Amino acid sequence: MATNQREIERKEKKEKKQHKNTLIFWCVVLVIVLVLLIMKLCEIDYKELKNQISAKISESQSVSDDEKFPYVLDNSDDVVLSELGNKIFVMSDETLSVVDSSDAKQIFIDDHGFSNPVMNVRGSYSVAFDQGSNKYRLDTSKGNVYKSTADNTILCACPSASGTVAMALTSSEAKSEVVVLNKSLSEKLRYPVSAGYVTDIAVDDNANRIAFAVIHSENAAFYTTVYTMNVDDAAPKAEFTFPSTVLDIRFSGSKLFVVGMDFVSVISSMKIEEKIFEQGSINVVSFSYNSADNLVLAYSEYTGQTDHKIALITPSGKIKTNMTVNANIKDISASSSEISVLTDDSVIVYSIRNGEVKNQYAVDDSYSSILQMSSKIFAKHRSYIELLTD
């Protein structure tokens, strides 16, 4: 009986082992089948994905370039947009970049490493500097030309259309000094300024003339004096004193625009001032320059006025266009034929020829600036550059 019992037990163990092996075999077969199915599915998905990618490529080649905006900014803080050689030049608090205005393609981007970046553009050149330090750089739409350091702290800087850089520095021998360097960094001028601190500087396209604004005090009152000077001369040619803050100076050919907080003048032949708006007659709200170097000015006639006026002023001093905007103006930009105005809720496009409204785009208060390039209008909206025009 014991022998038979052991035999039965051995037979049961053998059957269990065979059953276990059979189960393992079919599990392995099932896994292999599943793997094959997954591989087949992956192959199908891959082919489908490949077809979809090909379709997207064909689709992208057929769509309009304008549909490739908005452009995503790397950083949305303190972004400034400018036109540089028919491209969009973007300065943020971390980088400088150039974006193609036709297809939103990023041409180049570079970390500037500045704590307080300031940018100034003329023609095909941009000078960016770290205000409060001695670092600066010259760029074009194709990339960086050079990076350099000045002798002392940079107060302001401006490039010419030929790549010459004029800048004002602090000085141990005078209150400040003006330095002009060509594109090869050869010094063309160094002039000490003892009257005060230079707040703005301008150089003409050919780098033959410069102008600089100096703030100083007299009898407990502040004044700004604008000096004009030939680069080859040892001393300024003329000076013009204003009992007001000068916001900007800029050459247009041989003429010099002087934009103050409450006035606008044009200086001809480096020594003749023509007052376009008398001192105290306006309050400047915003201003810009178009591709023809005309001044586009938004202003009010008295403090607290809700209606604002817009004027296009030619270098000869003629007010070519004047219209009224019944809204708060946040920014203004212009081409040779249009003026675009950013308000709290819209971008209004005016014709320079007759001052009539050509178009209007609805926006909200999160739009912070605009840039008009020919017929295209770009807007900074949070962390994007949007193309508003159709």
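Residues numbered from 1 in each chain as written. Predicted model: local features only at pLDDT ≥ 70, side-chain atom pairs only at ≥ 80, totals over all residues. Heavy atoms only, no water.

Draft legend 1. Expanded view of the packing of aromatic side chains. Scanning the entire structure with this criterion turns up eight aromatic pairs. Judged by centre distance (6.0 Å) and plane angle (50 degrees), the rings of Phe 257 and Tyr 289 are tilted. Of this pair, Phe 257 sits in strand β19 (residues 255–260) while Tyr 289 sits in strand β22 (residues 283–289), and the two are 32 residues apart along the sequence. Neither residue differs from the other here; Phe 257 and Tyr 289 are each classed as buried. Both rings, one in Phe 287 and one in Tyr 289, keep their centres 6.3 Å apart while their planes meet at 80 degrees; by these two values the pair is edge-to-face. Note on Phe 287: relative accessible area 25%, which makes it partly exposed. Exposure remark for Tyr 289: the relative accessible area of 14% places this residue in the buried category. By way of ring pairs, the aromatic residues Tyr 191, Phe 212 and Tyr 227 are connected into one cluster. One cation-aromatic arrangement involves Arg 250 over Tyr 289; the distance from NZ or CZ to the ring centre is 4.4 Å. (Phe/Tyr/Trp six-rings, centres within 6.5 Å; stacked < 30°, edge-to-face > 60°. Helix = DSSP H or I, 4+ residues; strand = E, 2+ residues; numbered from the N terminus. Buried < 20%, exposed > 50% of the residue type's maximum accessible area, 1.4 Å probe, protein only. Lys NZ or Arg CZ within 6 Å of the ring centre and 35° of its normal.)

Draft legend 2. Broad picture of the environment of Ala 379. Note on placement: Ala 379 falls in strand β31 (residues 376–381). Not counting residues up to four positions away in its chain, the partners in contact with Ala 379 are Tyr 367, Ser 369, Ile 370, Tyr 384, Ile 385, Glu 386 and Leu 388. (Contact = heavy atoms within 4.5 Å.)

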